[in-house]
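Chains, contacts and geometry: an overview
Chain by chain, the residues run as shown.
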Amino acid sequence: MRILLLEDEPEMASALKTALERRQVIVDHVSTLADAEAVVELWSYDVIVLDRRLPDGEGLSLIPKLRALRVEAPIMMLTALSTINDRVTGLDGGADDYLAKPFAVEELMARLRALGRRPVTLKSDQILVGRLTYDFRHREAVVDDKPLDLLRRERLALEALMRRPGRTVLRATLEDSVYAMEDEIDSNALDSHLSRLRRKLEEVAAGVEIRAIRNLGYLLRATA
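Predicted model, so just to flag it, every value in this text is computed and none were measured. (Residues numbered from 1 in each chain as written. Predicted model: local features only at pLDDT ≥ 70, side-chain atom pairs only at ≥ 80, totals over all residues. Heavy atoms only, no water.)

1. Focus on the overall build of the protein
- A tally of regular secondary structure across the protein gives eight helices and 14 strands.
- The C-alpha atoms of the protein give a radius of gyration of 19 Å, which matches the 17 Å a tight globule of 224 residues would have.
- Dimensions of the protein, computed from the C-alpha atoms along their principal axes, are close to 60 × 35 × 30 Å.
- Within the span of the protein, comprising 224 residues, buried residues form 43% of the whole.
- Carbon and sulfur atoms make up 49% of the accessible area of the protein, which totals about 11,900 Å².
- Separation of charge centres in the protein, based on 34 positive and 38 negative side chains, amounts to 6 Å. (Helix = DSSP H or I, 4+ residues; strand = E, 2+ residues; numbered from the N terminus. Rg over C-alpha atoms; globule rule 2.2 N^0.38 Å. Buried < 20%, exposed > 50% of the residue type's maximum accessible area, 1.4 Å probe, protein only. Areas by Shrake-Rupley, 256 points an atom, 1.4 Å probe, with all protein chains shown as cover. Lys, Arg positive; Asp, Glu negative; His and termini not counted. Charge placed at Lys NZ, Arg CZ, Asp CG, Glu CD.)

Put into structure tokens, the structure is as follows:
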């Protein structure tokens, strides 16, 4: 899951970003409405998390602008404004969910998963390719009932590939799935992650291969 976090308090933003990244969420952080409006034209998100009191205005004012830009990601308000009237105003203003501060990170994660969940007709919780099963709900890769020990970015890359088995995933798409926008990316960093992932899959005879498609990206498919 990749989210955009609009939060102007540096300590809150840093703590929340760290907590979510430990739970395999990619977090892009901005602190103003103007920055958020600019970023959504460059990146796509599973959920957008907005504070209400911001340096350049009311967070709710961003929602109609996002919809005008055809940004369809669900929107959660995450704010200290917590009265019933505040909640009603937020939900009536276009927010898909409203969580007041202070909050428990596990509740936030549950709400993010709920918002990011597609209809079951469009998305399965598990995908099987070769002998490799990936469980998107539990973020676990399994071969013959044995979980694979994957580093965070290896797991994120595998998720992106498993969502499109047998199809080329563009390098830019993989980088978007693995890195946050402020991460510094070495030219061969993605290749290194995929090389280690490929080796781990080969070691357990997962029945899949990851192929580099020249000048395009990577493809995961079952082996014969």
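2. Some words on the sheet that holds strand E12 (residues 168-170)
- On the basis of which strands lie adjacent, the open sheet formed by three strands has the order E12-E14-E13 and antiparallel pairing. With one partner strand each, in any of the chains shown, E12 and strand E13 (208-213) form the two edges of the open sheet. Across the sheet, the mean angle separating the axes of adjacent strands is 25 degrees when strand polarity is ignored.
- When E12 meets strand E14 (residues 217-222), the two strands line up antiparallel, connected through three bridges. Following the sheet pairing, Val169 is matched in E14 by Tyr218.
- Across the sheet, helix H6 (residues 152-162) lies against E12, E13 and E14, angled at about 70 degrees from E14, the strand it touches most.
- Relative to the sheet, helix H7 (residues 171-178) contacts E12 and E14, its axis offset from that of E12 by approximately 70 degrees. (Pairing = 2+ DSSP bridges. Axes fitted to C-alpha atoms, helices over the stretch in contact; angles between N-to-C directions. Contact = heavy atoms within 4.5 Å.)

3. Points about the pattern of salt bridges
- Taken as a whole and assessed by the stated rule, the structure comprises 17 salt bridges.
- We note a salt bridge from Glu58 to Arg52, for which the minimum N-O separation is 3.0 Å.
- What makes Glu58 partly exposed here is its relative accessible area of 30%.
- Residue class for Arg52 comes out buried when judged on its relative accessible area of 7%.
- Glu209 is paired through a salt bridge with Arg221; the nearest N and O atoms lie 2.5 Å apart. Of the two residues, Glu209 sits in strand E13 while Arg221 sits in strand E14, which places them twelve residues apart along the sequence.
- According to the relative accessible area criterion, Glu209 is partly exposed, its value standing at 26%.
- For Arg221, a relative accessible area of 35% corresponds to the partly exposed category.
- Salt bridges sharing common partners tie together Glu7, Asp51 and Lys101. (Salt bridge = Lys/Arg side-chain N within 4 Å of Asp/Glu carboxyl O.)

4. So, the nonpolar core
- Membership of the largest hydrophobic core comes to 30 residues, with the highest contact counts inside it found for Leu132 and Leu158.
- It is H6 that contributes the most residues to this core, six residues altogether.
- Those residues in contact with Leu132, other than ones at most four positions away along the chain, are Ile127, Ala141, Val142, Val143, Leu148, Leu158, Met162, Leu201, Ala206 and Val208.
- Membership of the second largest hydrophobic core comes to 22 residues, among which are Leu4, Leu60, Ile63 and Leu81. (Core = buried A, V, L, I, M, F, W, Y, C linked by side-chain atoms within 4.5 Å.)

5. Let's talk about the confidence of the model for the protein
- Of the residues in the protein, 96% have a pLDDT of 70 or more, and the chain-wide mean is 89.
- Contacts for the low-pLDDT stretch residues 119-123, under 50 throughout, to residues beyond four places or in other chains number three contacts. (pLDDT = per-residue confidence, 0-100.)

6. Here we look at H6
- With nine of its eleven residues buried, H6 lies for the most part within the structure.
- Listed in full, the buried residues belonging to H6 are Glu154, Arg155, Leu156, Ala157, Leu158, Glu159, Ala160, Leu161 and Met162.

7. Some details on the sheet that holds strand E7 (residues 97-100)
- Pairing in this open sheet of five strands is parallel, and the strands run E2-E1-E3-E6-E7 from one edge to the other. Edge strands, defined here as strands with exactly one partner in the open sheet, are strand E2 (26-30) and E7. Here the average twist between neighbouring strands, direction ignored, is 20 degrees.
- Strand direction decides the pairing type here: strand E3 (residues 47-50) and strand E6 (residues 75-79), joined by three bridges, are parallel. Within E6, the position partnered with Leu50 by the bridge is Met77.
- With respect to the sheet, helix H5 (residues 105-116) is in contact with E3, E6 and E7, its orientation differing from that of E7 by roughly 170 degrees.

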